[in-house]
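Chains, contacts and geometry: an overview
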Amino acid sequence: MATDVALEEQDVLLDAKDYKSGVKPVWCPGCGDFGVLSATYKALTTLQLKPHEVVVVSGIGCSSRIPYFMRTYGIHGVHGRPLPIATGVKMANPALTVFAMGGDGDLMSIGAGHLPHAAARNVDITVIMMDNQTYGLTKAQASPTSATGHISKSTPFGAIAKPFKPVMLALAYGATFVARGYSAHAHDLSELIVQGVRHHGFSFIHVQSPCTEFHNTYNLYDELVEEMPPDHDASDLTAALHLALTEERVHLGVFYRDESREPFEQRSREFAPEVKEFNLEEYLGRFA
Ligand SMILES: Cc1ncc(C[n+]2csc(CCOP(=O)(O)OP(=O)(O)O)c2C)c(N)n1
Ligand SMILES: [Mg+2]
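These remarks concern the structure in this document. (Residues numbered from 1 in each chain as written. Chains lettered and ligands numbered in written order. Predicted model: local features only at pLDDT ≥ 70, side-chain atom pairs only at ≥ 80, totals over all residues. Heavy atoms only, no water.)

Let us now look at the packing of helix H2 (residues 33-47) against helix H7 (residues 186-198). Packed helices, taken two at a time, are described by the angle between their axes plus the distance between the axes. Closest axis-to-axis distance for the H2/H7 pair is 8 Å, and the angle between their directions is 50°. What the angle tells us is that H2 and H7 run oblique. Seen along the crossing, H2 lies across H7 with a hand that is right-handed. For the pair H2 and H7, contact is made by Gly 35, Val 36, Ser 38, Ala 39, Thr 40, Lys 42, Ala 43, Thr 46 and Leu 47 and by Ala 186, His 187, Leu 189, Ser 190, Ile 193, Val 194, Val 197 and Arg 198, respectively. Residues that form the contact of H2 with H7 fall into these classes: nine nonpolar, six polar and two charged. (Axes fitted to C-alpha atoms, helices over the stretch in contact; angles between N-to-C directions. Helix = DSSP H or I, 4+ residues; strand = E, 2+ residues; numbered from the N terminus. Parallel < 35°, antiparallel > 145°, perpendicular 65-115°, else oblique. Left-handed = near helix turned anticlockwise from the far one by under 90°. Contact = heavy atoms within 4.5 Å. Nonpolar A, V, L, I, M, F, W, Y, C, P; charged D, E, K, R; others polar.)

The expected angle between donors at a tetrahedral four-coordinate metal is 109.5 degrees. At an octahedral six-coordinate metal it is 90 or 180 degrees. Donor atoms from the polypeptide that bind the magnesium ion (ligand 2) are Asp 104 (OD), Asn 132 (OD1) and Thr 134 (O), placed at 2.1 to 2.2 Å. Counting along the primary sequence, the residues that act as donors to the magnesium ion (ligand 2) give the motif D-x27-N-x1-T. With Asp 104 in helix H4 (residues 104-110) and Asn 132 in the loop between strand E4 (126-131) and strand E5 (134-135), this pair connects stretches of sequence that are 28 residues apart. Pair check on accessibility: Asp 104 and Asn 132 agree, each one buried. (Donors = N, O, S within 2.8 Å, 3.2 Å for Na, K, Ca; no water. Buried < 20%, exposed > 50% of the residue type's maximum accessible area, 1.4 Å probe, protein only.)

So, about a nonpolar patch on the surface. Taken together, the side chains of Phe 278, Leu 280, Tyr 283, Leu 284 and Phe 287 make up a nonpolar region of the molecular surface, amounting to roughly 550 Å² of accessible area. When you line up the elements, Phe 287 lands in the segment after helix H11 (280-285). Taking relative accessible area as the criterion, Phe 287 reaches 57% and is therefore assigned exposed. (Patch = residues over 30% accessible without salt bridge, like charges linked within 9 Å, V, L, I, M, F, W, Y side chains within 5 Å. Areas by Shrake-Rupley, 256 points an atom, 1.4 Å probe, with all protein chains shown as cover. Salt bridge = Lys/Arg side-chain N within 4 Å of Asp/Glu carboxyl O.)

As a further point, take the layout of surface pockets. Quantified by volume, the largest pocket comes out at close to 520 Å³. Lining the largest pocket are 28 residues, and of these Thr 145, Pro 163, Phe 164, Gln 208 and Tyr 221 sit closest to its centre. Looking at the lining of the largest pocket, the elements with two or more residues in it are helix H6 (166-173), strand E8 (203-208), helix H8 (218-224), helix H9 (237-245) and strand E10 (250-257). Residues belonging to the lining of the largest pocket are distributed by class as follows: 12 nonpolar, 10 polar and six charged. (1 Å grid on protein atoms, 1.4 Å probe; cavity = no way out; pocket = protein on both sides within 12 Å on 5 of 7 lines; lining within 4 Å. Points joined across faces, edges and corners; volume = space filled by probe spheres on them.)

With that out of the way, let us pick up the site of ligand 1. Contacts to ligand 1 come from 16 residues, most closely from Cys 62, Ser 63, Gly 105, Asp 106 and Gly 136. One of the backbone N or O atoms of Thr 134 is found 3.0 Å from an oxygen atom in ligand 1. For ligand 1, an oxygen atom lies 2.9 Å from a polar atom in the backbone of Leu 137. Listed by contribution, the elements that provide at least two residues to the shell around ligand 1 are H4 and E5. Ranked by residue count, the leading element in the shell around ligand 1 is H4, at four residues. Residues of the shell around ligand 1, tallied by class, amount to five nonpolar, nine polar and two charged. (Near = heavy atom within 4 Å. Polar contact = N/O pair within 3.5 Å; in protein donor to acceptor, adjacent residues only side chain to side chain.)

In total, this model carries zero disulfides according to the counting rule given. Just so you know, Cys 28 is unpaired, no disulfide at all, and the nearest cysteine sulfur is the one on Cys 211, 6.4 Å from it. Looking at Cys 28, the relative accessible area reads 33%, which means it is partly exposed. This cysteine, Cys 62, is not joined by any disulfide, and Cys 28 carries the nearest cysteine sulfur, 6.5 Å off. (Disulfide = S-S within 2.5 Å.)

For the structure shown, the criterion picks out six salt bridges. The residue Glu 226 makes a salt bridge to Arg 249 at a minimum N-O spacing of 2.6 Å. Taken together, the positions of Glu 226 in strand E9 (residues 225-227) and Arg 249 in the loop between H9 and E10 put the pair 23 residues apart, joining distant regions of the chain. Glu 226 gets classed as partly exposed once you look at its relative accessible area, which sits at 33%. For Glu 270, the salt bridge identified is with Arg 267, shortest N-O distance 2.4 Å. One connected set of salt bridges, linked through shared partners, spans Glu 262, Arg 267 and Glu 270.

By the element assignment, Gly 111 lies in the loop between H4 and helix H5 (114-121). On the basis of relative accessibility, which here comes to 0%, the residue Gly 111 falls in the buried class. Between the C-alpha atoms of Gly 111 and Leu 83, which are 28 residues apart in sequence, the distance is 8.1 Å. Discounting chain neighbours no more than four positions away, the residues touching Gly 111 are Gly 80, Arg 81, Gly 105 and Asp 106.

Honestly, that's just the spatial picture; any functional story needs more than this.
See the structure below:
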């Protein structure tokens, strides 16, 4: 019976509804995260991945509720920890397509320490960071990406800190695919997600995803976003860093791509005991 279902599934072309869980999103009307969710459905449809081949791992926050709305495997994890959980899932079963999704608070505050390591290892997962420059779920505290001067529940006189630059950080940490999208441009975002998943290595997609309730930035980003300069060479790390530092404009598209590095889960398997002779006692003897 199970085999029949599997065979049937193989023959049918999947569309967006096949990735919808049926759970109605609890986000506020107009929340940018709706755009990210529909872009993700669209990307999965393009990729024709079967729901059981996909795992969406998130942290805690409004944005981190995303696995509930998807008919894939999902883990609504612990605040700030989607990256270590997603790394573990990918290590255990490299055949899975693994997403780590969360907010600016989740990935840049409490979970910030995980990003450099996951990027440097080049684990083949796709990170989608939904950046609303605020803590939405806990109702309007400043986040690491909030602009200097941002007035919020936790910064009544304006944020003093300089905002993090997520794209620049991902590039500096060694991510092998770095892109930026805008939730209001869901079609373009879906194409970035497709490229991120197809990339063989660590993909980081920064998404401007405004919060209509506490920090409505639609007008600001409608004004600021701009396509990648047509002559941008995505293999040029220095050019990518230069663009990521730009404050006047918010570039959308692929900043950087490096296909030359082997993903962590693949490389580490080459060292597995069944592949490589390894005498632990003899090895430890070297350090005695
Ligand atoms: C260990 C821990 N610390 C703090 C919290 C409270 N908390 C829940 S969500 C959140 C921030 C969410 O912000 P973000 O990741 O930007 O998600 P958003 O709601 O904006 O989508 C915080 C501080 C928590 N749940 N667990
Ligand atoms: Mg946020």
